[in-house]
Amino acid sequence: MKKSLLFLLLPVLMMACNNTTDKNEKALQRQVDALYQRLSLEEKAAQLFGIYPGELMVDGEVSREKCREVIPYGVGHICQPTSSQPKDADQIRRLVRDIQAYLVEETSAGIPAIFHEEALTGLTAKGATIYPQAIGAACSWNPELIKAKTSRTAADMRAMGQQYALSPMIDLIRTPLWPRIEESCGEDGFLTAAMACAFVGGLQEKGFREGVAGTTKHFLGYGGANTLSWKELYEEVLLPHEAVIRTQGSESVMTSYDRFREEYAVCSDTLINVILRGYLGYTGAIVSDYGAVQTGRDRSEEALKQYAVNALTAGNDLELAWNTSYKYIPELVREGRISEEVLEKSVKRALMLKARAGLLDPNPVFCADGPLELDSPEGRQIAYELATQSIVLLKNEGILPLRGNEKIALVGPNANSVWSMLGDYTFPSMQIFFHRQEPDLSAVRVPTLLEALKEGFSGEIGYERGCDWSTLADARVNLGGDARVSGMRMRRIESADSTDQGAALRLASQSDIIIAAMGENVYLCGENRARNGIRLPGDQEEFVRALIETGKPVVLVVFGGHPQVLSPIADGCAAIVQAWYPGEEGGRAVTDILTGRVNPSGHLCVSYPATEDPGLRCYNELPEEKFIAWPFGYGLSYTSFSYSDLQVQPSAKTSDKCIHVSCRVTNTGGRAGDEVVQLYVSPASGQPLKPLQLKGFQRISLAEGESTTVHFELATDQLAWWFEVNGKSVWTVSPGDYCFRIGPNSAELPLDGLCHLSGKPVEMALRDTYFPEIRVD
């Protein structure tokens with residue numbers, strides 16, 4: 001009855017909300033229109049670029065003289081104020097207030113700046129909570145927890161004077177070798193869309209006046225997907241962007257450095273005007289990736305001007321994070337190379353974002369007053385829960401969980417290192433890599449695995465590092481077009497611990513169980529870092545072989561951003577745990593899983609590769625088994641689950657709104673645990689769909705012996721396929737048979753049943769529904 005009442009009230013509530021929003025938007029638009037009319041050409045152009053705060057500072061403090069010199073007409077954005085500055089919360093708030101005071105008090109326009117920051121693993125600031133990296137967080141299959149994380153992040157950002165996040169990254173991964181894979185939610189469009197909507201929903205939960213604007217990036221096809229067919233791009237790669245824009249009202253989109261077909265993304269008419277603004281009807285701001293406006297190597301004045309013409313004319317509104325090309329906009333407008341109309345649209349979009357954020361109010365509030373706790377107990381608890389749910393148990397021959405009385409040999413380069421917990425775009429990694437400064441690793445407590453085991457394991461623990469992460473030959477700096485790494489050379493993370501393989505092997509041979517903490521660090525995975533392959537780096541694989549040869553059971557714990565090729569050593573390991581970069585609470589989370597305080601529940605968001613062979617394909621193309629070590633959606637538990645009582649609506653019409661599918665899941669093991677119930681669909685009548693597609697999932701918690709029924713109301717829109725007619729996109733729901741499959745991962749689907757759709761094909765320009773409605777009882 002409550003559900004029926006909700007469905008009756010929802011359209012009324014949405015209508016009332018939309019009416020209020022429309023009135024507010026019109027009022028803000030009038031404010032922006034009036035403001036635009038009184039701006040000079042230089043003041044208009046000033047709204048279209050961003051700079052680092054360091055350009056406005058002398059001896060670590062904001063200098064009004066530098067402000068007058070660098071931004072005399074104002075500025076659109078201040079870029080990465082916390083990740084670029086090793087300052088505490090009070091110092092950052094003073095920096096924000098000083099810059100905003102200059103802009104309001106001394107520039108004739110009096111327009112405050114937007115302060116933007118990275119937010120992939122929380123607020124990227126000294127002393128702030130560090131959550132698990134995105135690829136691990138996606139393995140939680142828990143959108144509710146993702147939303148809780150970003151809601152907490154938004155509160156921290158607003159308190160620090162930031163209104164805008166350059167996150168999430170929602171590129172689909174088409175090769176596990178891609179350096180930025182760790183920032184992604186993996187290979188599947190549906191899972192990525194669900195996580196992205198939760199991410200942006202949390203940032204924008206309190207609206208734009210109190211929350212933080214999310215930025216979906218990169219548009220479109222970054223990560224190896226820009227050469228796919230148009231059909232695959234629309235059906236899979238575009239899906240996360242489309243869902244976030246149309247269901248969450250995402251305020252910002254970032255293009256990429258890459259080419260899209262024959263055009264650079266930052267000035268692609270196809271991406272920006274045909275797809276983003278045309279097909280999706282997106283009206284918000286578009287920003288460049290850092291330095292991406294300069295699409296060529298030529299840095300002559302004429303080349304820089306042409307880059308500005310190309311990008312702004314195509315619809316890229318802001319240049320980040322330097323005013324390299326857009327500084328010529330006033331001159332280019334006067335010369336007629338950029339039209340007044342183009343300039344007006346971009347400036348008004350930039351100003352509208354400030355208006356929605358409350359920055360154009362008569363007395364805007366820039367920062368919170370009073371003490372700030374950026375690593376709050378609430379934040380740490382969310383970080384811990386997300387870490388425990390992101391860790392994936394790949395193999396277990398009964399050695400885990402530990403009993404508590406064993407003699408443990410803990411070895412490996414990631415056994416006693418903070419860097420095993422911290423991925424790219426965390427504050428420490430930003431400092432050490434992009435800004436080339438040694439970060440204060442004590443600013444937030446990040447227990448290592450050794451420290452956490454000593455606290456949480458009752459047995460005897462011995463430690464020897466045994467081997468290093470890598471050699472300098474294992475990875476390189478990919479200079480590309482990113483000015484932040486210009487002239488950079490690859491370096492290594494150093495450890496103060498001795499590295500004696502002989503001592504480690506002696507310790508291992510005298511133990512009951514070996515825990516080998518291996519994998520990557522910040523220099524081996526991330527933006528502008530390219531490894532030569534994705535087997536364990538350096539001498540790690542040989543070291544693990546030597547550990548296996550001791551005859552003692554080896555528990556391999558793999559940290560890092562890539563799924564590693566473990567096939568050469570996997571058979572010799574008694575257990576394998578994929579920990580990713582689990583954040584500040586990662587040491588405790590891994591320990592609690594090893595000791596059994598927590599039952600592992602992470603499920604892979606990628607097809608885990610068995611080989612570096614380029615023939616590897618995503619799960620929805622049914623790759624050959626030889627390429628896959630563990631399938632998409634896979635993850636073990638210390639308990640077991642059975643699936644039964646599948647109910648598939650036997651028939652429906654193509655014009656119906658939804659199809660009902662349900663099943664019963666029972667915890668058949670000896671302890672409580674979480675399962676991720678996954679719903680897939682396969683075309684059974686030749687419909688032009690991928691042979692297997694994820695269409696729904698639900699994380700459930702079951703006590704020992706407990707059962708529950710999961711109901712999916714799958715929208716028929718989710719069965720639509722894309723094609724183009726006379727230059728226009730058309731989505732079609734075709735009649736025929738569809739096979740619905742349910743199970744714990746993409747390769748293990750014990751339940752399947754057919755639904756026959758009858759009627760004529762239903763065509764639509766856009767889908768209205770992207771996710772099923774789910775009920776658990």
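Each remark here, short or long, concerns the structure printed above.
Summarised in this report is the structure supplied together with it.

Here is what the cut-offs are and how they apply
- Residues numbered from 1 in each chain as written.
- Predicted model: local features only at pLDDT ≥ 70, side-chain atom pairs only at ≥ 80, totals over all residues.
- Heavy atoms only, no water.
- Helix = DSSP H or I, 4+ residues; strand = E, 2+ residues; numbered from the N terminus.
- Buried < 20%, exposed > 50% of the residue type's maximum accessible area, 1.4 Å probe, protein only.
- Areas by Shrake-Rupley, 256 points an atom, 1.4 Å probe, with all protein chains shown as cover.
- Lys, Arg positive; Asp, Glu negative; His and termini not counted.
- Charge placed at Lys NZ, Arg CZ, Asp CG, Glu CD.
- Pairing = 2+ DSSP bridges.
- Axes fitted to C-alpha atoms, helices over the stretch in contact; angles between N-to-C directions.
- Contact = heavy atoms within 4.5 Å.
- Phe/Tyr/Trp six-rings, centres within 6.5 Å; stacked < 30°, edge-to-face > 60°.
- Lys NZ or Arg CZ within 6 Å of the ring centre and 35° of its normal.
- Core = buried A, V, L, I, M, F, W, Y, C linked by side-chain atoms within 4.5 Å.
- Salt bridge = Lys/Arg side-chain N within 4 Å of Asp/Glu carboxyl O.
- Polar contact = N/O pair within 3.5 Å; in protein donor to acceptor, adjacent residues only side chain to side chain.
- Arc of directions from axis to C-beta.
- Left-handed = near helix turned anticlockwise from the far one by under 90°.
- Nonpolar A, V, L, I, M, F, W, Y, C, P; charged D, E, K, R; others polar.

### Details of the overall build of the protein
Link 1 in the chain: In terms of helices and strands, the protein carries 21 helices and 33 strands.
Link 2 in the chain: In terms of principal-axis extent, the alpha carbons of the protein reach across some 75 × 70 × 50 Å.
Link 3 in the chain: In the protein, which comprises 777 residues, the share counted as buried stands at 63%.
Link 4 in the chain: Taken as a whole, the protein presents about 28,000 Å² of accessible surface, with 49% of it coming from carbon and sulfur.
Link 5 in the chain: Looking at charge distribution, the protein has the averaged site of its 75 positive side-chain charges lying 3 Å from that of its 99 negative ones.

### Remarks on the sheet that holds strand β19 (residues 575-580)
Link 1 in the chain: Read across the sheet, 6 strands follow the order β12-β19-β18-β16-β13-β14 without closing on themselves; strand pairing throughout is mixed. Both outer strands of the open sheet, β12 (392-396) and β14 (460-464), are each paired with one neighbouring strand and no more. If you compare each strand with its neighbour and ignore which way they point, the axes differ by 20° on average.
Link 2 in the chain: Relative to β14, strand β13 (residues 407-411) runs parallel, the two being bridged by 5 bridges. Each residue of the ladder has a partner; that of K407, found in β14, is E460.
Link 3 in the chain: Where helix α19 (residues 540-549) meets the sheet, it contacts β13, β16 (513-519) and β18 (554-559), and its direction lies at approximately 175° from that of β16.

### As for the packing of aromatic side chains
Link 1 in the chain: Using the criterion set out here, one finds 18 aromatic pairs in the structure.
Link 2 in the chain: With 5.8 Å between their ring centres and 40° between their planes, Y425 and F434 make a pair best called tilted.
Link 3 in the chain: For Y425, a relative accessible area of 2% translates into the label buried.
Link 4 in the chain: Residue class for F434 comes out buried when judged on its relative accessible area of 5%.
Link 5 in the chain: The ring of Y425 carries the charged tip of K217 above its face, separated from the ring centre by 5.6 Å.

### A look at the sheet that holds strand β23 (residues 651-653)
Link 1 in the chain: Taken in spatial order, the 5 strands of this open sheet run β23-β31-β30-β25-β26, and their pairing is mixed. Bordering the open sheet on either side are β23 and β26 (693-702), each of which pairs with just one other strand. Strand after strand, the sheet turns through a mean of 25° between neighbouring axes, direction not considered.
Link 2 in the chain: With 9 bridges joining them, strand β25 (residues 673-683) and β26 adopt antiparallel strand pairing. Counted as the bridge partner of V677 is Q698 from β26.

### Some remarks on the nonpolar core
Link 1 in the chain: L556 and F740 are the most contacted members of the largest nonpolar core, which totals 196 residues.
Link 2 in the chain: What L556 contacts, discounting residues up to four positions off in sequence, is A516, M518, V544, L566, I569, C573, A575, I576 and V577.
Link 3 in the chain: In this structure, Y384, F433, F559 and Y638 belong to the second largest nonpolar core, which totals 48 residues.

### Let's talk about the pattern of salt bridges
Link 1 in the chain: According to the stated counting rule, one finds 47 salt bridges in the structure shown.
Link 2 in the chain: Residue R68 is joined to E106 by a salt bridge in which the shortest nitrogen-to-oxygen separation is 2.7 Å. Of this pair, R68 sits in helix α3 (residues 64-70) while E106 is found in helix α4 (residues 89-106), placing the two residues 38 residues apart along the sequence.
Link 3 in the chain: Among the residues examined, E106 registers a relative accessible area of 33% and is labelled partly exposed.
Link 4 in the chain: Notably, a salt bridge pairs E455 with R445, separated by 3.0 Å at the nearest N-O pair. Placement of E455 in helix α17 (residues 449-456) and of R445 in the loop between α16 (427-434) and α17 is noted, with a sequence separation of 10 residues between them.
Link 5 in the chain: Its relative accessible area of 58% is what places E455 among the exposed residues.
Link 6 in the chain: By relative accessible area, which is 47% here, R445 ends up partly exposed.
Link 7 in the chain: Each of R174, E232, E236, E621 and K690 takes part in salt bridges that share partners, so that together they form one network.

### Concerning helix α10 (residues 239-248)
Link 1 in the chain: By the criterion of burial, α10 is predominantly enclosed, with 7 of the 10 residues buried.
Link 2 in the chain: Residues of α10 that are buried include every one of L239, P240, H241, E242, A243, V244 and I245, and no others.
Link 3 in the chain: The first or second residue beyond α10 is G249, which carries a positive phi of 65°.

### Comments concerning unusual backbone geometry
Link 1 in the chain: Cis rather than trans, the peptide bond between K217 and H218 has omega equal to 5°.
Link 2 in the chain: Tracing the backbone shows H218 in strand β7 (residues 215-219).
Link 3 in the chain: Of the consecutive residues F219 and L220, the connecting peptide bond is found in the cis state with omega at 5°.

### Here we look at the side chain of S682
Link 1 in the chain: For S682, the position within the fold is in strand β25.
Link 2 in the chain: There is a polar contact of 2.7 Å between the side chain of S682 and the backbone oxygen of P691.
Link 3 in the chain: One polar contact links S682 to R741, side chain to side chain, over a distance of 3.0 Å.

### Focus on helix α18 (residues 501-509)
Link 1 in the chain: Taken together, the buried positions of α18 are occupied by A503, A504 and A508. Viewed along the axis of α18, the buried residues span an arc of 135°, placing them on a single side of the element.
Link 2 in the chain: Summarising the contacts, the buried residues of α18 are in contact with β13, β14, β16 and α19.
Link 3 in the chain: A side-chain oxygen of the first residue of α18 lies 3.0 Å from the backbone nitrogen of G502; this N-cap is D500.

### A short note on the packing of helix α7 (residues 189-203) against α10
Link 1 in the chain: At a minimum axis separation of 8 Å, α7 and α10 run at an interaxial angle of 35°. Handedness of the α7/α10 crossing: right-handed. Every residue of α10 that contacts α7 at G189, F190, T192, A193, A196, C197, V200 and G201 is listed here: L239, P240, A243, V244, T247 and Q248.
Link 2 in the chain: Class assignment for the residues of the contact of α7 with α10 results in 9 nonpolar, 5 polar and no charged.

### What about the environment of V554?
Link 1 in the chain: With respect to the helices, strands and loops of the structure, V554 is situated in strand β18.
Link 2 in the chain: Given the relative accessible area of 0%, V554 is considered buried.
Link 3 in the chain: Taking the C-alpha atoms as reference, V554 lies 8.5 Å from I576; in sequence the two are 22 residues apart.
Link 4 in the chain: Those residues within four positions of V554 in sequence are excluded, and the remaining contacts are I514, A516, L547, I548, C573, A574 and A575.

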